[in-house]
Structures are given as structure tokens and as C-alpha cells.
There are 2 protein chains.
Amino acid sequence: MKKIINDPNQVVQDMVEGLVASSPNDIKQLPGTTAVVKTDAPNANKVGLVSGGGSGHEPAHAGYVGKGMLDAAVVGEVFTSPTPDQVFEAIKAVDSGAGVLLIIKNYTGDVLNFEMAAELAEAEGIRVEKVIVNDDIAVEESSSTTGRRGIAGTVFVHKMAGAKAEQRGTLEEVKAVAAKAATNVRSMGMALTPCTVPAAGTPSFQLDENEMEIGIGIHGEAGIERKVISTADDVAAELTGKILEDFDFTGDVAVMVNGLGSTPEMELYIVNKKVQAILAEKGLNVYKTFVGEYMTSLEMAGCSVTLLNLDDELKELLDVASDAPAFRS
Amino acid sequence: MKKIINDPNQVVQDMVEGLVASSPNDIKQLPGTTAVVKTDAPNANKVGLVSGGGSGHEPAHAGYVGKGMLDAAVVGEVFTSPTPDQVFEAIKAVDSGAGVLLIIKNYTGDVLNFEMAAELAEAEGIRVEKVIVNDDIAVEESSSTTGRRGIAGTVFVHKMAGAKAEQRGTLEEVKAVAAKAATNVRSMGMALTPCTVPAAGTPSFQLDENEMEIGIGIHGEAGIERKVISTADDVAAELTGKILEDFDFTGDVAVMVNGLGSTPEMELYIVNKKVQAILAEKGLNVYKTFVGEYMTSLEMAGCSVTLLNLDDELKELLDVASDAPAFRS
């Protein structure tokens with residue numbers, strides 16, 4: 001295991017401290033937790049937005065804490081859900097009285113723990129709603145989910161909810177746009193290499209030098225097909241093609257070509273070239289494209305493609321300014 | 001070699017097309033070249049800013065093309081200088097009559113080719129100035145440089161020059177702030193793994209499973225010391241310590257903890273935690289911190305630390321808005 005870390009069992013605490021130290025005016029660590037919260041939260045009359053989950057997916061989710069995006073990200077151990085009490089603390093920290101929306105990637109642990117936190121908060125009189133994101137079309141069920149997994153499309157859900165909350169939408173309105181984004185987003189990923197959880201020390205699976213895995217999850221979950229590495233064009237065509245089969249994209253689309261951790265930006269742009277060509281061929285207008293690392297899996301090599309179907313409301317929200325470090329727009 | 005590419009000899013052309021396709025309203029490819037230019041260049045009365053160099057360092061430099069940063073980035077083959085005629089075309093494309101500043105990382109090939117381009121442009125009556133960046137303190141000479149190498153500190157030079165040019169500084173004024181930033185910036189890097197140039201197909205060097213290399217270059221150049229992997233704190237202390245020995249930082253500083261390609265953001269934040277602690281101990285005030293991938297070396301694992309000494313002018317310029325995709329501020 002080659003990593004630049006101190007104690008493998010202390011990576012999350014170290015990371016959160018280093019993250020907060022990078023933007024001390026904008027974000028803070030909630031005492032006694034590994035939740036990262038906007039320093040000026042709660043904002044008067046604004047719905048609070050909380051997401052989070054296991055760490056190892058940086059910049060998700062703490063990099064999306066900022067004006068126009070999240071108010072708090074609750075950071076669990078690597079690939080492990082944060083505990084209900086940590087989520088509860090974050091909810092309390094961001095509630096202005098306007099209520100709190102939880103944006104949850106669809107993993108059993110996350111869903112359970114965020115729901116338990118919601119119950120604790122509701123018992124204290126805080127209004128809490130939730131939206132579950134399950135954009136990964138690769139598998140219908142997995143060892144860690146009931147239903148599809150939530151992956152990079154979650155970032156678009158953050159963005160839409162964040163923009164609506166910034167405009168002082170009500171809790172119901174913010175939930176509605178988040179749910180609309182979640183309903184209209186699809187993703188699929190592939191990997192060339194596995195990744196190694198620091199505390200484990202060895203990779204979660206093995207791939208031969210000439211192999212890639214299609215439909216991989218972001219926690220090293222098995223994909224749906226292992227095959228010989230083909231070209232970037234083939235990879236783009238397979239991922240994009242499956243997404244287009246799964247959902248009837250009708251409007252303008254937002255595109256995300258996401259690196260899983262160690263894939264050079266050069267390769268992501270090469271994939272994007274083909275994705276754009278495929279969408280043009282289908283007559284789909286691309287409203288905005290995002291290429292980079294948005295939802296990673298430690299140092300996994302690979303990428304995912306995400307398409308979001310946009311109506312006028314979602315286009316307008318996508319254009320609202322955000323100053324979250326990992327999603328300035 | 002595990003890469004998501006098509007033809008290894010076509011990666012740069014594919015990448016540039018995919019990059020331009022991601023932001024077609026903001027950037028364009030200069031016909032017949034692999035130069036990436038702002039669509040609205042030249043801007044009236046604005047000094048044009050051109051940088052570039054070999055590719056493989058993405059987002060450097062094409063990700064820094066945007067309002068408040070560069071007007072053009074000339075993209076060479078992987079780790080290979082762009083040709084003088086490509087640079088010349090970029091200079092012509094961005095000159096508004098206010099002149100053009102070339103920001104060049106200190107490698108013999110880049111310096112020669114950018115200087116030849118400058119001569120071609122001057123022969124056509126375009127005023128051209130240049131600033132050479134040599135922020136890497138690891139080696140005083142190398143196989144590809146006379147003097148120190150230019151690495152991640154170049155991004156700060158882009159930023160300062162870009163801000164001053166946006167404020168419609170004269171060519172002399174823009175050159176002066178770029179030169180001031182170049183004089184006041186120091187960097188040093190380390191690697192856990194080498195990287196593989198697509199057309200070569202094999203890594204440029206080997207490191208054992210327990211080894212790291214300190215003082216590495218961004219083209220797989222040898223470092224100054226190979227040793228057993230230590231902790232993130234040790235790495236941060238060694239890089240930061242050597243930088244602080246090399247330059248007398250007196251004012252506020254800007255910090256960049258830069259990933260070389262495949263290092264998870266988690267690890268960069270862990271390094272940043274220690275860097276900030278060291279600077280606090282020295283009584284140096286950190287004005288702004290940047291953690292992420294700014295100047296990479298394909299899929300190399302490792303990081304670099306950059307410190308920039310700031311006076312009031314540089315602080316003000318650092319705060320000027322930029323909308324370059326890789327450096328929004």
C-alpha cells in the first residue's frame with residue numbers, strides 16, 4: 001500500500017482537519033464530530049442541506065460545502081456510513097428554522113443512519129426531509145444496497161437543491177427540485193484498477209494488466225462485466241449507450257465525466273470527446289459539461305459518465321452561483 | 001500500461017478536442033494547432049497571456065484559459081515542448097495591440113521554442129515579453145534545464161499576471177507582477193510512483209513497493225533522494241522545511257498542496273494539515289490555501305508543496321475573480 005498518510009486508522013480525522021485548515025473562513029469542523037459545516041450556518045430563512053457518507057470519495061461531499069451547495073457534509077470512516085449522532089449534530093447545526101433536507105446516496109448504511117438522525121431531529125422539533133439518490137444504472141441490487149446505488153449524479157442533486165435553497169425556496173420546494181434532479185439523472189462507471197482502503201492495506205479486488213471492469217461501484221463493489229481493455233471511444237460508447245437506453249432524455253442535458261481517483265484529466269477529456277459526439281448524434285443538446293474528479297473511489301483508476309435531463313427550472317438552477325471549493329459555478 | 005485512450009499517438013489531439021467540447025462557449029482550438037484560446041480573445045486593450053508546454057500536466061495549462069487567467073495555452077505532445085509556430089499562432093490570436101506576455105516553465109525546449117515564437121511575432125510588430133518560472137528548489141540543474149525547473153508555482157504566476165491583465169495593466173506592469181510572483185514562489189515535490197507516457201508504454205523509472213522519491217520532477221525526472229516511505233507528516237515537513245530554508249518568507253503566504261495525478265484528495269488534505277501547522281509554528285500567516293491537482297504528471301502518485309510570498313499587491317491580485325475552469329476564484 002503506497003499512501004501519503006500517518007496512521008491508517010486516523011486518516012479521516014487528519015483529512016478533515018487538513019480540509020478545514022485550507023478554508024478556515026468558510027468551513028469548520030463540528031466539535032466532537034467529523035462533520036464539516038459552513039462557518040456562517042445556519043443562514044436565516046434558508047433550508048439547511050446536509051449530505052455525507054463514507055469518506056474516500058473526495059471531493060464528495062465535504063468539497064461541496066459552500067454558498068449555493070451544501071451547509072454540511074458528514075464524513076464517515078473510509079467507505080463507511082457516518083453514525084446517526086454525527087448526522088444529527090450536523091442537522092442541528094444548519095437548521096435555521098426553515099427545515100433541513102438530507103441528500104443521501106442509496107446505500108443501506110447511509111439510508112438507515114441518516115433516517116435515524118432525522119428521527120432524532122424531528123423529536124426536537126426540526127423539520128427534516130430526505131432525497132435518496134440512486135443514479136447508478138449498473139446494478140439493480142448489490143450487497144450494500146436495496147435498489148440502485150448512488151454515485152456521481154449526487155453532485156447534481158447537491159447543486160439543484162443548493163441553488164433552490166439559496167433562493168430561499170421552502171423545504172418542500174427544495175426537496176422537489178432535489179427529487180426532480182434525482183429522478184432525471186443516470187450514471188455508470190468503469191475501472192482499470194481497484195483501490196485500497198488504508199485500514200485494510202490491500203485492494204478489494206484484482207484486475208489483470210489487460211483487464212477493465214464495467215459497471216463498477218465506488219466502494220470497490222464488483223461490476224457487471226470484466227473484459228479486455230478497449231479504447232476510450234468504446235468505453236464512452238458503452239457507458240453512454242447504456243445510460244441512454246435506461247432513460248428517455250428529451251431536453252437539454254448536463255454531462256459529467258468523472259474521474260474515480262487516479263485517471264489523468266487527459267483521459268477524461270478523451271472520453272468526453274466521444275461522449276459529446278454520441279450525444280450530438282442523438283440530437284441531444286448539451287447545456288453544460290463537467291469534466292474532473294467529483295465522486296472518487298480513493299486511487300481507483302477509471303471513470304463514470306453521468307447525464308442529467310434538464311428542464312427550464314433545472315437549467316436555471318444549474319446556473320446559480322456556487323462557491324463550494326469543488327463546484328464553483 | 002492501463003489507460004483510457006484511443007491511439008497512444010493521438011492522445012493530445014483527442015484531449016484538446018474533448019477539452020474544447022466541454023466548454024465550447026469559452027474556449028476554442030486554434031485551427032491547425034493544439035493551442036487552446038479564449039473564444040473572445042483578443043480582448044480590447046488587454047495584454048494577451050500565453051503559456052503552455054508539454055501535455056500530461058493537466059489541468060496545466062489549458063485549464064487555466066479563462067477570464068482573469070490565460071488567453072491561450074499551447075499544448076505540446078506529452079512532456080514535449082510545443083513548436084515555435086504553434087506558439088506564434090497563439091501569440092497572434094491573443095494580441096489586441098497591447099502586447100503579449102509569455103509565461104514559460106524553465107525547460108530548455110520550452111524556453112527555446114517560446115523565444116523563437118516571440119522573435120517571429122516581434123518581426124510582425126507584436127510586442128512580446130516573457131517571464132520564466134523556476135520555482136522547483138529540488139535541483140539546481142537537470143538534463144532538461146539550465147537552472148531550476150518550473151513546476152506548480154507557475155499557476156500562481158498565471159493568476160497574478162491574469163489578474164493584472166484583466167485590470168488592463170500595461171505589458172510592463174503585467175510582466176512586473178508575473179516576475180514578482182516568479183521571484184517569490186518556491187516548490188518541491190515527491191513521488192510514490194512513476195508515470196507512463198502513452199507513446200512510450202512503460203514507466204520512466206521504477207520505485208519499490210516501500211520506496212518514495214523526494215525532489216521528483218514533473219516529467220519523471222529523477223529526484224534527489226530515494227528513501228523508504230515515511231508518514232505524511234514527514235513528507236510535509238521535508239518539503240516545507242526545504243522551501244523555508246531556500247527563501248526568506250516574510251509576509252503572508254499563499255499555499256498550494258498539489259497532487260501529481262493519482263494521489264487521493266484525502267492524502268493531500270492530510271499533508272496540508274501538517275504544512276499549515278509548520279507555517280503557524282514559524283509565525284507565517286496563510287492568506288489562502290489551494291489543495292488539489294494543479295500541475296500533474298499523468299498518473300504519478302505524489303505531491304508538491306508550493307509557497308508564495310505575498311505583498312499587498314499580490315494579495316489583491318490573488319483575490320481578483322477568475323473563471324478559468326481549473327482556477328475559479
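Fair warning: this is a prediction, and the values are worked out from it, not measured in the lab.

K.L.:
Describe the sheet that holds strand β2 (residues 35-38) of chain B, with residues and values.
P.N.:
Each strand in a sheet pairs with another by means of backbone hydrogen bonds, the pair being arranged parallel or else antiparallel. Residues and elements named next belong to chain B. The sheet built from 6 strands is open, its strands ordered β1-β2-β4-β3-β5-β6 with mixed pairing. In the strand order of this sheet, the two ends are held by β1 (27-29) and β6 (128-133), each with one partner. Across the sheet, the mean angle separating the axes of adjacent strands is 20° when strand polarity is ignored. Strand direction decides the pairing type here: strand β3 (residues 48-55) and strand β4 (residues 72-78), joined by 6 bridges, are parallel. The residue of β4 that forms the bridge with G54 is G76.

K.L.:
Break down the UniProt feature "domain: DhaK" (unreviewed entry) in chain A for me, citing the residues and quoting the values.
P.N.:
Cross-referencing UniProt, the feature "domain: DhaK" (unreviewed entry) maps to residues 7-327 of chain A in the present numbering. Overall, residues 7-327 of chain A shows 33% helix and 24% strand. The separation of its end C-alpha atoms is 30 Å.

K.L.:
Requested: an account of the confidence of the model for chain A, with residues and values cited.
P.N.:
The share of residues in chain A with pLDDT of 70 or more is 100%, and the mean pLDDT across the chain is 96. Reported for the predicted complex are a pTM of 0.97 and an ipTM of 0.97.

K.L.:
Residues and numbers for the layout of surface pockets, please.
P.N.:
By rolling a water-sized probe across the atoms, one finds the places where empty space is left. Space inside the second largest pocket adds up to approximately 1,200 Å³. Across the lining of the second largest pocket, the residue classes break down as 16 nonpolar, 14 polar and 11 charged.

K.L.:
If you had to explain the interface of chain B and chain A to someone new, which residues and values would you point to?
P.N.:
Between chain B and chain A, the residue contacts involve 55 residues of the former and 55 residues of the latter. Run the count over chain B and chain A and you get 4 salt bridges. One salt bridge in this structure joins B:D14 and A:K273, with 3.0 Å as the shortest N-O distance. For the pair chain B and chain A, the interface holds 23 residue pairs in polar contact (both at pLDDT 80 or more). Secondary-structure elements contributing two or more residues to the side of chain B that touches chain A are α1 (11-22), α6 (232-246), α7 (265-281), β11 (286-292) and β12 (302-310) of chain B. Looking at which element gives the most residues to the side of chain B that touches chain A, the answer is α7(B), with 9 residues.

K.L.:
So what's going on with the relation of the copies chain B and chain A? Residues and values would help.
P.N.:
If you rotate chain B by 180° and push it 0.0 Å along the axis, it lands on chain A with an RMSD of 0.0 Å. The superposition of one copy onto the other is thereby described by a two-fold rotation axis. No C-alpha of chain B approaches the rotation axis more nearly than that of B:S262, which lies at 1.8 Å.

K.L.:
Quick rundown of the side chain of A:H57? Include the residues and the values.
P.N.:
Residue and element names in this part refer to chain A. Along the chain, H57 falls in the loop between β3 (48-55) and β4 (72-78). Among the polar contacts made by the side chain of H57, one reaches the side chain of H219 at a distance of 3.1 Å. Reaching out from H57, the side chain makes a polar contact with the backbone oxygen of T296 at a distance of 2.7 Å. Other than its neighbours up to four places away in sequence, H57 contacts F79, K105, I218, H219, Y294, M295, T296 and S297.

K.L.:
Lay out the domain arrangement of chain A with the relevant residues and their values.
P.N.:
Residues and elements named next belong to chain A. By the assigned domains, chain A splits into domain 1 (12-184) and domain 2 (185-318). Using C-alpha coordinates to define each centre, domain 1 is positioned 22 Å away from domain 2. Each partner contributes residues to the interface: domain 1 has 37 residues there, and domain 2 has 43 residues. A combined buried area of about 3,200 Å² lies between domain 1 and domain 2, and 65% of that area is made up of carbon and sulfur atoms. Joining domain 1 to domain 2, the criterion identifies 4 salt bridges. Linking domain 1 to domain 2 there are 14 residue pairs in polar contact (both at pLDDT 80 or more). Those elements that place two or more of their residues in the side of domain 1 that touches domain 2 are α4 (153-166) and α5 (171-183). A per-element tally of the side of domain 1 that touches domain 2 places α4 first, with 8 residues. Residue classes in the side of domain 1 that touches domain 2 are distributed as 18 nonpolar, 10 polar and 9 charged.

K.L.:
Describe the environment of A:G261, with residues and values.
P.N.:
Looking at the element boundaries, A:G261 is found in the loop between β10 (252-259) and α7 (265-281). The buried category is assigned to A:G261, whose relative accessible area is 2%. Sequence spacing of A:G261 and A:E245 is 16 residues, and the spatial spacing of their C-alpha atoms is 27 Å. Beyond its immediate chain neighbours, meaning those up to four positions away, A:G261 contacts A:E293, A:T296, A:L298, A:E299, A:M300, B:G261 and B:S262.

K.L.:
An account of helix α6 (residues 232-246) of chain A is needed here, citing residue identities and associated values.
P.N.:
Compared with an ideal rise of 1.5 Å per residue, which puts 15 residues at 21 Å, α6(A) spans 21 Å between its outermost C-alpha atoms and is within 8% of the ideal. Taken residue by residue, α6(A) has A:A232, A:V235, A:A236, A:E238, A:L239, A:T240, A:I243 and A:L244 as its buried positions.

K.L.:
Describe in detail the pattern of salt bridges, supporting the description with residues and values.
P.N.:
Considering all chains together, one arrives at 54 salt bridges over all chains under this definition. With a closest N to O distance of 3.9 Å, A:E313 and A:K164 form a salt bridge. Taken together, the residues span a long stretch of sequence, with A:E313 in helix α8 (residues 312-318) and A:K164 in helix α4 at a distance of 149 residues. Residue classification places A:E313 among the partly exposed positions, given a relative accessible area of 28%. We note a salt bridge from B:E211 to B:R226, for which the minimum N-O separation is 3.9 Å. One end of the pair, B:E211, is in strand β8 (residues 211-214); the other, B:R226, is in strand β9 (residues 225-228), and 15 residues separate them in sequence. Exposure remark for B:E211: the relative accessible area of 19% places this residue in the buried category. Note on B:R226: relative accessible area 40%, which makes it partly exposed.

K.L.:
Let's hear about the packing of α4(A) against α5(A): which residues, and what values?
P.N.:
The relative placement of two packed helices comes down to the angle between their axes together with the axis-to-axis distance. Residue and element names in this part refer to chain A. The geometry of α4 relative to α5 is characterised by a closest axis approach of 8 Å and an angle of 155° between their N-to-C directions. With respect to α5, the element α4 is oriented roughly antiparallel. You can see that α4 and α5 cross each other, and the crossing is right-handed. Between α4 and α5, the residues in contact are F156, V157, M160, A161, K164 and A165 and E173, V174, V177, A178, A181 and A182, respectively. Grouping the amino acids of the contact of α4 with α5 by side-chain chemistry returns 10 nonpolar, no polar and 2 charged.

The rules we used
Residues numbered from 1 in each chain as written. Chains lettered and ligands numbered in written order. Predicted model: local features only at pLDDT ≥ 70, side-chain atom pairs only at ≥ 80, totals over all residues. Heavy atoms only, no water. Pairing = 2+ DSSP bridges. Helix = DSSP H or I, 4+ residues; strand = E, 2+ residues; numbered from the N terminus. Axes fitted to C-alpha atoms, helices over the stretch in contact; angles between N-to-C directions. UniProt positions renumbered as here; feature names shortened; annotations may be inferred. pLDDT = per-residue confidence, 0-100. 1 Å grid on protein atoms, 1.4 Å probe; cavity = no way out; pocket = protein on both sides within 12 Å on 5 of 7 lines; lining within 4 Å. Points joined across faces, edges and corners; volume = space filled by probe spheres on them. Nonpolar A, V, L, I, M, F, W, Y, C, P; charged D, E, K, R; others polar. Contact = heavy atoms within 4.5 Å. Salt bridge = Lys/Arg side-chain N within 4 Å of Asp/Glu carboxyl O. Polar contact = N/O pair within 3.5 Å; in protein donor to acceptor, adjacent residues only side chain to side chain. Least-squares fit on C-alpha atoms with pLDDT ≥ 70 in both. Domains from an automatic or database assignment. Buried area = accessible area lost by both parts, 1.4 Å probe. Buried < 20%, exposed > 50% of the residue type's maximum accessible area, 1.4 Å probe, protein only. Expected span 1.5 Å × (residues − 1). Parallel < 35°, antiparallel > 145°, perpendicular 65-115°, else oblique. Left-handed = near helix turned anticlockwise from the far one by under 90°.

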